[in-house]
Amino acid sequence: MDQTLDEVNRHCGKHVQAYASCVDSHGETWRTDCLGLRKALTECSDKNVTLMKMVRLSCQPAINRYQECLSNNSQAPHVCIDALRDLYECTESVGQTMDKMNALQRKHGEPAPGKVDNKKVE
C-alpha cells in the first residue's frame, strides 16, 4: 500500500496537499467544506493510479460501510474498527491480485492495461 500512496503523491501531490490543508483548517466542517477538493483528489488518483481505481471498483461496498460508520460515529470512530478491517482486507486482496497480474505479464512480456512496473500503458 505504501507504493500506492507514493504513486498518488507523485501524480496528485498538489491535490493531496490542498485536501489535507483544507481538512486541517476546517475543524468540524471539513466534510462539507472540502468535498470539492476530495472529489478532485479522487478523480486524479483514479485517472493516474490504476490500483486506486481497482480498489475503488472492487471495494466500494466496504468503502461505503466504513464512511457511513464514521459519519454515524464521528465522536467515537473506534467503533468502526471492524469496517476498517474489512476495507483493509479488501484493499490488500486487490493489491495482491494486481501484483500477480503484473508478475504474469512481466513473465510473458505482455503489455497490460494500466500500470505495469510503475509505467502507464495506454
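How each quantity is defined
Sequence positions are assigned chain by chain, starting from 1 and proceeding in written order. It should be noted that, the model being predicted, local features are given only for residues of pLDDT at least 70 and side-chain atom pairs only at 80 or more, the latter also being counted only at that level, while totals for whole chains, interfaces and linings use all residues. Hydrogens and water are ignored here; the side-chain numbers use all heavy atoms of the structure. The predictor attaches a confidence to each residue, and that confidence, scored 0 to 100, is pLDDT. Secondary structure is summarised from DSSP: a helix means a run of H or I of at least four residues, a strand means a run of E of at least two, and numbering begins at the N terminus for each. Throughout, a contact is declared for two residues whenever any of their heavy atoms are within 4.5 Å. Using a 1 Å grid laid over the protein atoms alone, points where a 1.4 Å probe fits but cannot get out form a cavity; open sets with protein on both sides within 12 Å along at least 5 of 7 lines form a pocket; any residue with an atom within 4 Å of a point counts as lining. Grid points are joined across faces, edges and corners, and a volume is the space filled by probe spheres set on the points. Residue classes follow a fixed rule: Ala, Val, Leu, Ile, Met, Phe, Trp, Tyr, Cys and Pro count as nonpolar, while Asp, Glu, Lys and Arg count as charged, and any other residue, Gly among them, counts as polar.

So, on to the confidence of the model for the protein. In this model, the protein carries an average pLDDT of 86, and 88% of its residues clear a pLDDT of 70 or more. Confidence scores differ between elements of the protein, with strand E2 (residues 119-121) showing the lowest mean pLDDT of 47 and helix H3 (residues 35-48) the highest of 93. Across residues 116-122, where pLDDT falls below 50, the model places 14 contacts with residues more than four positions away in sequence or in other chains.

Turning our eyes to something else, we now look at the layout of surface pockets. The space that makes up the largest pocket amounts to roughly 1100 Å³. Breaking the lining of the largest pocket down by element, the ones donating at least two residues are helix H1 (2-25), helix H2 (30-33), H3, helix H4 (50-72) and helix H5 (81-108). Looking at the lining of the largest pocket element by element, the count peaks at 9 residues for H4. Across the lining of the largest pocket, the residue classes tally to 16 nonpolar, 7 polar and 5 charged.

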